[in-house]
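Read off the chains here:
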Amino acid sequence: MANTFGYGAMTNHLGDMHKSKAIIIIGANPADNHPVAMQHILKGKEQNGAKIIVVDPRYTKTAAKSDLYCRIRTGTDIAFLYGMIRLIKINNWYDKKYLNDRVYGVEEIFKECEQYTPEHVEHITGLPKETLIQAATLYASSKPGCLIWNQGWTQHTIGSSNTRLGSIMQLILGNVGKAGGGCNILRGHDNVQGGTDIGCLSDTLPGYYGLAEGSWKYFARQWKVDYEWLKGRFKSKELMESKGNSLSLFADGVLKEENAQYNGGSTIKALVCIGNGISTVTDVKRIKDALDKLDLVVFIDPYVNDAAVITSRTDNLFLLPAASQVETSGTVVNTGRSAQWRTKVVEPLFEARTDHEILFDFAKRMGFYNELVAGMGKGDNFQWPEDATNEIARALKTIGMTGVTAERIKKQQESWHLFNPTTLLGTGEFSKEYYGLPWPCWSVTHPGSPVLYNTDLPVSQGGMGFRANFGLERDGVSLLAANGSYPKDSKIKGGYAEITADNIEALAGIKLTEKEKELVKGTNWKTDDSGILVKYALEAGLVPYGNAKARTIVWSGFIDPIPKHREPLHSFRPDLIDKYPASDDKKNHFRVNLPYRSRQTQQTWVNDYPINIVSGRVVEHMGTGTETRSSKYLAELSPEMYGEIHPNLAAKLGIKNGEMMWVYGTNGGKIKIKCKVSLRVNDTSVFLPQNFSGWWSGENLLYRYPEGTQPYAMGENSTQVTSYGFDQQTACPETKCSLVRIEKA
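Because the structure is predicted, anything quoted here is derived from the model rather than measured. (Residues numbered from 1 in each chain as written. Predicted model: local features only at pLDDT ≥ 70, side-chain atom pairs only at ≥ 80, totals over all residues. Heavy atoms only, no water.)

Asks: Teacher, can you tell me more about the overall build of the protein here?
Replies: Within the protein, the regular secondary structure consists of 27 helices and 23 strands. Taken over the C-alpha trace, the protein has a radius of gyration of 26 Å; the compact-globule value for 745 residues is 27 Å, and the two agree within 12%. Principal axes of the C-alpha set define a box for the protein whose edges measure 80 × 65 × 50 Å. Buried residues in the protein amount to 59% of all 745 residues. Considering only contacts within the protein whose residues lie at least 6 apart along the sequence, 69% involve residues at least 24 apart. Only carbon and sulfur atoms are counted for the fraction: they give 51% of the accessible area of the protein, which is about 29,600 Å². Computing the positive centroid from 85 side-chain charges and the negative centroid from 81, the protein places the two 3 Å apart. (Helix = DSSP H or I, 4+ residues; strand = E, 2+ residues; numbered from the N terminus. Rg over C-alpha atoms; globule rule 2.2 N^0.38 Å. Buried < 20%, exposed > 50% of the residue type's maximum accessible area, 1.4 Å probe, protein only. Contact = heavy atoms within 4.5 Å. Areas by Shrake-Rupley, 256 points an atom, 1.4 Å probe, with all protein chains shown as cover. Lys, Arg positive; Asp, Glu negative; His and termini not counted. Charge placed at Lys NZ, Arg CZ, Asp CG, Glu CD.)

Structure representation (structure tokens):
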């Protein structure tokens, strides 16, 4: 099982927002959830006059700092974006040359946007048409423009379409590959990007290599193990090359026998959860039921994982105390793709052990320790974590980690004050490096790439075009960048395919020696361990992955070739469902059968559950709150769970501020929480924080915590009442579009 809460890579970085002239924030509330990022956003406003536009169903602390606030109904972001794009198109605000040179398929987007007039957008989203026009005018006229999003965009059944269309809007305006522009995803923790980079996903290998035989053989070589041995770890080759179970859907792999057919004929029997708050997955009652049914459950955490308290199982539940961040060392990769070295401050306290020690111990007891560490050295002849960092650098060529060595990033950490926080560029001995060596960092002498797809810089200084990853032509139209579109100082003044052993001589204008030909035979830039292909590409000013056009149309693997507005499964507007239906039900979606259209039409949900959830986080607590609610000072600031409702709704329900109320979800869950009357939400919604646990449907679970581990702040888990739903591509949980019923307690 792996986390599939996918966000995408940040094209720019936090300090780059200082250069923005406009910042549009959709599906994010950095003032509460990413306060470090918010400081950089405010610097853009204060130092560069950036206009801030916030699009959110709730008036947040971030919205309070905006120049323009747009309140839209949850789940209608695509209608809003198409409304923006239509206004950009009809007013000729788009970058014609950029689209001609660097983008494929925008005509289909312009065709789709035609139906989204300001009046129609208002009908779907609830946003006054005048505000939409104001937002489009302000954003399109202030360049460069930066787009920011987070889980408020991804945690929808069409979250992947939200992120695609937002990126397309940035392409239409020519904001991608520009300092102060880009598509910038805020991550909730210091190594979310790093975790996905090294393969903590259920549908890719490390570095986003696929699951096909060739990729497995490549990693067998990197890990210095036999491919046949590696294949033998799986029940079948078919399962080895299939998507695994996802974090959000693993419970259905435990509970529903029909899904066993996708999992080697068996339901899931055991769970090892390390450093993951699985109690934040939507419809968390499924998680409880799955934990209760499993044969074995193991949690590895510095604090008691909330899910260990939620389950009512009485045996084969193990809590292994793990060391905290300050008790270990190694690398983290932040939201801007920069690697940073984290140095151990103290030795692990009491019986706590570091993650790697626990996992190494598991491997020894299971009989494959030597194979696990072989890529770092024979036996115990390796230095942790330096050799692990360097193994990652050698193997993850796809994203250009080759130059991100332990030696380089440790040296940077000791001199971080020599780097400019706005540009990331260093001074003195680091004058040719960017802080954190943001990937792609093609070699040990490459500086890193602070802004993806920037053609204003040579490749040797972090410049690049778009990746040639989808073929060379489509329907007779070239997918390569147009002539005249290329990174500065490139030998080729236009588009070209990815670098391979077969084309390196022609593209780079060089002649390989016989020895070099033998070393690179049958390889491309992603699989060439000699580094020869990348070396000659860089010398010729070529990007190893080629120079192509970004595409707005997807022709394989996606339900919607271009992003489409689809009403949430539990829609507040059933009158729109026939025109904008959910996708068809999916079979074997991350090894689980999932209802979409059948769930949406099962009943008219809003009749029985007339109130819309707006979910989010509070600034005092992080993630599930497992750690922060154990701080007495943070608990004092935010001590209890609540639900935020509009005065009109409170009056209608007969509930006063501070009184208790029951909230009932569409799957039978219920929570008892305090009412907080507020004008921050509209009169058909309730805001529920996601940071609480320790109560379950009115029952205090304090007695289930081991002695001395109880948190100071406790409350109902809001995901007890969030509706069942998952992204149609990534299986990311739909926590942002749920319906509930509220009654006075």
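Asks: Would you mind showing me how to read the packing of aromatic side chains here?
Replies: How two aromatic rings sit relative to each other is set out by the distance from centre to centre and by the angle between their planes. Applying the stated rule across the entire model yields 23 aromatic pairs. Each ring, one from Tyr218 and one from Phe219, has its centre 5.2 Å from the other, and the planes form 85°; the classification is edge-to-face. We note that Tyr218, like Phe219, is buried. Centroid distance Phe360 to Trp384: 5.4 Å. Interplanar angle 80°. Geometry classified as edge-to-face. (Phe/Tyr/Trp six-rings, centres within 6.5 Å; stacked < 30°, edge-to-face > 60°.)

Asks: Would you mind showing me how to read the sheet that holds strand 15 (residues 611–616) here?
Replies: Within the closed barrel, the six strands sit side by side as 15-19-16-18-17-23. Their pairing is mixed. Across the sheet, the axes of successive neighbouring strands diverge by a mean angle of 45°, strand direction being ignored. Where strand 17 (residues 660–665) meets strand 23 (residues 739–744), five bridges bridge the pair, whose relative direction is antiparallel. The residue of strand 23 that forms the bridge with Gly665 is Val740. (Pairing = 2+ DSSP bridges. Axes fitted to C-alpha atoms, helices over the stretch in contact; angles between N-to-C directions.)

Asks: For this particular structure, what's the right way to read the UniProt feature "domain: Molybdopterin dinucleotide-binding" (unreviewed entry) in the protein?
Replies: UniProt marks residues 613–736 with the feature "domain: Molybdopterin dinucleotide-binding" (unreviewed entry), using the numbering shown here. For residues 613–736, the end-to-end C-alpha separation is 7 Å, with 10% helix and 27% strand making up the annotated structure. (UniProt positions renumbered as here; feature names shortened; annotations may be inferred.)

Asks: Would you explain unusual backbone geometry in this entry?
Replies: With the exception of glycine, most residues fall at negative phi, and the peptide bonds are largely trans. In the segment running from Trp384 into Pro385, the intervening peptide bond is cis, with an omega of 5°. Looking at where Pro385 falls in the secondary structure, it is placed in the loop between helix 18 (369–373) and helix 19 (386–395). Note that the residue after Trp439, namely Pro440, is joined by a cis bond; omega there is 5°. With respect to the secondary-structure elements, Pro440 resides in the loop between helix 20 (406–413) and strand 12 (473–474). The phi torsion at Asn316 lies on the positive side, around 55°, for a residue other than glycine. Of note, Asn316 is situated in the loop between helix 16 (306–310) and strand 9 (317–321).

Asks: So what exactly am I meant to see when it comes to the side chain of Arg629 here?
Replies: Assignment of secondary structure puts Arg629 in the loop between strand 15 and helix 26 (632–637). A distance of 3.1 Å separates polar atoms of two side chains, one belonging to Arg629 and the other to Asp306. In contact with Arg629, other than residues within four places in its own chain, are Asp306, His621, Thr624, Ala635, Asn691, Phe692, Ser693, Pro711, Tyr712, Ala713 and Met714. (Polar contact = N/O pair within 3.5 Å; in protein donor to acceptor, adjacent residues only side chain to side chain.)

Asks: How do you make sense of the nonpolar core when you look at a structure like this?
Replies: As a rule of thumb, soluble globular proteins bury nonpolar side chains together. Core analysis: the biggest nonpolar cluster contains 54 residues, and Ile24, Phe80, Tyr82, Met84, Ile85, Tyr139 and Ile172 have the highest contact counts within it. The element that contributes the greatest number of residues to this core is helix 3 (residues 77–90), accounting for nine residues. Every residue in contact with Met84, bar those within four places of it in the chain, is listed here: Ile24, Leu132, Ala135, Ala136, Tyr139 and Met169. One finds Ile278, Ile287, Ala290 and Ala307 within the second-largest nonpolar core, a separate group that totals 25 residues. (Core = buried A, V, L, I, M, F, W, Y, C linked by side-chain atoms within 4.5 Å.)

Asks: Teacher, can you tell me more about the sheet that holds strand 9 here?
Replies: Strand pairing in a sheet relies on backbone hydrogen bonds, with the paired strands running either antiparallel or parallel. The strand order 7-8-9 describes an open sheet built from three strands, whose pairing is parallel. Pairing within the sheet leaves two strands with one partner each, and these edge strands are strand 7 (270–274) and strand 9. Across this sheet, the average inter-strand angle for adjacent strands is 10°, counted without regard to direction. Pairing geometry for strand 8 (residues 296–301) and strand 9, over five bridges, is parallel. The residue of strand 9 that forms the bridge with Val297 is Leu317.

Asks: What exactly am I supposed to notice about helix 15 (residues 285–293) here?
Replies: Turn by turn, an α-helix covers 3.6 residues, leaving residues three or four places apart pointing in a common direction. Within helix 15, burial applies to Arg286, Ile287, Lys288, Ala290 and Leu291. On the buried face of helix 15, the contacting elements are helix 14 (250–255), strand 7, strand 8, helix 16 and strand 20 (694–696).

Asks: Before we go on, may I ask you to explain helix 20 in this structure?
Replies: Among the residues of helix 20, those classed as buried are Ala406, Arg408, Ile409 and Gln412. Buried residues of helix 20, viewed axially, fall in a sector of 165°; they line one side. Looking at the buried side of helix 20, the elements it contacts are strand 10 (330–333), strand 11 (339–342) and helix 19. (Arc of directions from axis to C-beta.)

Asks: Would you mind showing me how to read empty space enclosed by the protein here?
Replies: With a probe scaled to a water molecule rolled over the atoms, the places where space remains empty come into view. A full pass over the atoms with the stated rule returns four cavities of 30 Å³ or more. Taken as a whole, the largest cavity holds about 330 Å³ of empty space. Considering the residues around the largest cavity, the lining is formed by 26 residues, among which Gly27, Asp56, Gly152, Ser615 and Lys736 are closest to the centre. For the lining of the largest cavity, the secondary structure elements donating two or more residues are helix 8 (151–154) and strand 15. For the lining of the largest cavity, the leading source of residues is strand 15, giving three residues. (1 Å grid on protein atoms, 1.4 Å probe; cavity = no way out; pocket = protein on both sides within 12 Å on 5 of 7 lines; lining within 4 Å. Points joined across faces, edges and corners; volume = space filled by probe spheres on them.)

Asks: Would you mind showing me how to read the side chain of Asn691 here?
Replies: Relative to the helices and strands, Asn691 resides in the loop between strand 19 (685–689) and strand 20. Look at Asn691 and you get buried, because its relative accessible area is 0%. A distance of 2.9 Å separates a polar side-chain atom of Asn691 from the backbone nitrogen of Val618. A distance of 3.4 Å separates a polar atom in the side chain of Asn691 from the backbone oxygen of His621. In contact with Asn691, other than residues within four places in its own chain, are Gly616, Arg617, Val618, His621, Met622, Gly623, Thr624, Gly625 and Arg629.

Asks: Please explain the packing of helix 6 (residues 118–125) against helix 7 (residues 129–140) as it appears in this structure.
Replies: Each pair of packed helices gets described by two things: the angle between the helix axes and the distance between those axes. Close contact between helix 6 and helix 7 brings their axes to 8 Å; oriented N to C, the two are set at 115°. Here helix 7 runs roughly perpendicular to helix 6, going by the angle between their axes. Considering how the two elements wind past one another, helix 6 and helix 7 form a crossing that is right-handed. Judged by residue contacts, Pro118, Glu119, Val121 and Glu122 of helix 6 engage Lys129, Leu132 and Ile133 from helix 7. In terms of residue class, the contact of helix 6 with helix 7 is built from four nonpolar, no polar and three charged. (Parallel < 35°, antiparallel > 145°, perpendicular 65-115°, else oblique. Left-handed = near helix turned anticlockwise from the far one by under 90°. Nonpolar A, V, L, I, M, F, W, Y, C, P; charged D, E, K, R; others polar.)

Asks: What's the story with the pattern of salt bridges in this structure? I'm lost.
Replies: Close approach of charged atoms allows side chains with opposite charge to pair. By the definition in use, this model includes 37 salt bridges. The salt bridge involving Lys111 is made with Glu108; its shortest N-O contact spans 3.5 Å. Of this pair, Lys111 and Glu108 both sit in helix 5 (residues 106–112), three residues apart, which is roughly one turn of the helix. On the basis of relative accessible area, Lys111 is assigned to the exposed category, the value being 55%. The class of Glu108 is partly exposed, set by a relative accessible area of 32%. One salt bridge in this structure joins Lys411 and Glu429, with 3.1 Å as the shortest N-O distance. Taken together, the residues span a long stretch of sequence, with Lys411 in helix 20 and Glu429 in the loop between helix 20 and strand 12 at a distance of 18 residues. Using a relative accessible area of 41% as the deciding quantity, one classes Lys411 as partly exposed. Salt bridges sharing common partners tie together Glu213, Lys217, Lys237 and Glu241. (Salt bridge = Lys/Arg side-chain N within 4 Å of Asp/Glu carboxyl O.)

Asks: Help me understand the environment of Cys146, please; the structure alone is not making it clear to me.
Replies: Summarising the element assignment, Cys146 is placed in strand 5 (residues 145–149). Put simply, Cys146 and Ile41 are 105 residues apart on the chain and 9.9 Å apart in space, counted from C-alpha to C-alpha.

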